[in-house]
Amino acid sequence: MTYLRYSPDIETPETDEQESINGIIQGMTQESQTVEKRDGHAVRASHAKSTACVIGKLIVAPGLPPELAQGLFADPGTFDVAVRFAQGPGEKLGDRVSTHRGMSIKVFGVEGTKLPGHDAPTQDFVLASGTTFPAATAAGFLSQAKKIGLTVPMPEGVKSAAASVARNINKVLNAVGAGPSPTLDFYGHPFSHPLVEEYFSQCPVRYGDHVAKIGAFPVSAEQHVLADWQLDPHQDEDGFRHASVEYFEGKDAVFELRAQLWTDAETQPIEDTSVDWPTSESPYRTVATIRLPRQSAYGPDRVRYFDEVMTFRPAHSLEVHRPLGGVMRARMQVYQALSDFRHRENGIAAANTATIQDIPA
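The text that follows walks through the structure, step by step, so that each part is easy to find. (Residues numbered from 1 in each chain as written. Predicted model: local features only at pLDDT ≥ 70, side-chain atom pairs only at ≥ 80, totals over all residues. Heavy atoms only, no water.)

The next thing to look at is the pattern of salt bridges. Within this structure, the stated rule accounts for 18 salt bridges. For the salt bridge of Lys 49 with Asp 95, the shortest nitrogen-to-oxygen distance reads 2.9 Å. Here Lys 49, found in the loop between α1 (17-39) and β1 (50-60), pairs with Asp 95, found in the loop between β2 (77-87) and β3 (101-108); they are 46 residues apart in sequence, far enough to count as distant. Taken individually, Lys 49 and Asp 95 each receive the classification buried, so the pair is uniform in this respect. (Salt bridge = Lys/Arg side-chain N within 4 Å of Asp/Glu carboxyl O. Helix = DSSP H or I, 4+ residues; strand = E, 2+ residues; numbered from the N terminus. Buried < 20%, exposed > 50% of the residue type's maximum accessible area, 1.4 Å probe, protein only.)

Structure below.
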């Protein structure tokens, strides 16, 4: 198998890309203002409702082949990590509005040249359920953000109904063998347990000499037992959180971090993040293991720190894991602007957390 090489010229920004990014920032800031006015508090513009806030270890696998032994994963070793699991919307809705999920990972003790503006010894991976982003480019991201913006003022019951429709259409698509629509799944995700989800970067990142998409896959037997678990949202509107907290009270969670290397510029485009890279051409291959031991996953001091103070961003990165493509270039600016808005409105200083010791127990 031939692994394509990274070079700066693999990215081809759209001529009006910055205009699109400015539009995304403006629109999503307005959404955040709507939520703040309604709830009296500014929250994350995406993945606002956390379900578990945990710490653990990332263990880089020994004996990786040269194409995988790159960047953070060049040498075997163990790093501290903080992981935040969350629901997708940029508002804290009841769990009957079950949409896409997020898993944000901050790796500590990371040495090497960082992207401009990132001065902590950390590497963030911001992952979500679904292998693709529901927009191809920054312009598509803007279009999607406008549609979401129209729904923010709507009653929660309307959002729940829309999520249900999307979920049911995907059930039909699965039944006829067509496979689920990633866009529909973004708006209406199954009522599955957060710790049995697979999470993905959706967009490519530089992978040292190469390029890859990153995924986190649950692998422990205790997680696999939950494969058929389904939330009844009529019984518990915070059921995803309660199920995750209950799990961590007595069991460890284990995820394998895997890289899908770039092998074909035609079938694996850099600038169209709506295209799924075929695993038949390049499978996800394990580069590290994330072990999250049993712990109190939702203590008030820790949750406040994760939700209100800590920041997770694609731009918190080593140069050798630089985010790539128009959606990622947008995210690097959008996350910064929306974080600045949220912290400013709440009167809370943001922290680019540098060590695991900064996180409350």
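Within the secondary structure layout, Thr 353 lies in the segment after α8 (326-346). At 2.9 Å, the side chain of Thr 353 and the side chain of Tyr 305 are in polar contact. In this view, Thr 353 contacts Lys 106, Phe 108, Ala 120, Thr 122, Tyr 305, Met 310, Asp 358 and Ile 359; residues no more than four positions away in its chain are not counted. (Polar contact = N/O pair within 3.5 Å; in protein donor to acceptor, adjacent residues only side chain to side chain. Contact = heavy atoms within 4.5 Å.)

For the coordinates displayed, the defined rule picks out 12 aromatic pairs. A ring pair is formed by Tyr 247 and Phe 248, whose centres lie 5.7 Å apart and whose planes are at 90°; its orientation type is edge-to-face. The class for Tyr 247 is buried, based on a relative accessible area of 3%. Each ring, one from Phe 306 and one from Phe 312, has its centre 6.4 Å from the other, and the planes form 35°; the classification is tilted. Note on Phe 312: relative accessible area 8%, which makes it buried. Taken together, Phe 73, Phe 125 and Tyr 207 form an aromatic cluster joined through their ring pairs. Positioned above the aromatic ring of Phe 240 is the side chain of Arg 101, whose terminal nitrogen or guanidinium carbon lies 4.2 Å from the ring centre. If you follow Arg 258 out to its NZ or CZ, it ends over the ring of Phe 217, 4.2 Å from the centre. (Phe/Tyr/Trp six-rings, centres within 6.5 Å; stacked < 30°, edge-to-face > 60°. Lys NZ or Arg CZ within 6 Å of the ring centre and 35° of its normal.)

Packed helices, taken two at a time, are described by the angle between their axes plus the distance between the axes. For the pair α1 and α8, interaxial distance at closest approach is 9 Å and the crossing angle is 35°. Here α1 and α8 pass one another in a crossing that is right-handed. Across the interface between the two elements, Glu 17, Gln 18, Ile 21, Ile 24, Ile 25, Met 28, Thr 29, Ser 32, Gln 33 and Glu 36 from α1 touch Gly 326, Arg 329, Ala 330, Gln 333, Val 334, Ala 337, Leu 338, Phe 341 and Glu 345 from α8. (Axes fitted to C-alpha atoms, helices over the stretch in contact; angles between N-to-C directions. Left-handed = near helix turned anticlockwise from the far one by under 90°.)

Time to look at the pairing of strand β9 (residues 285-292). Here β1 pairs with β9 via 4 bridges, running antiparallel. Residue pairing across strands places Leu 58 opposite Ile 290, the latter belonging to β9. Bridging between strand β8 (residues 253-261) and β9 involves 7 bridges; their strand directions are antiparallel. Within β9, the position partnered with Val 254 by the bridge is Arg 291. (Pairing = 2+ DSSP bridges.)

Here we take up the pairing of β1. In terms of burial, β1 is a largely internal element, 8 of the 11 residues being buried. Pairing analysis gives 10 bridges linking β1 to β2, with the strands arranged antiparallel. Looking at β2, one finds that Ile 59 is bridged to Thr 78.

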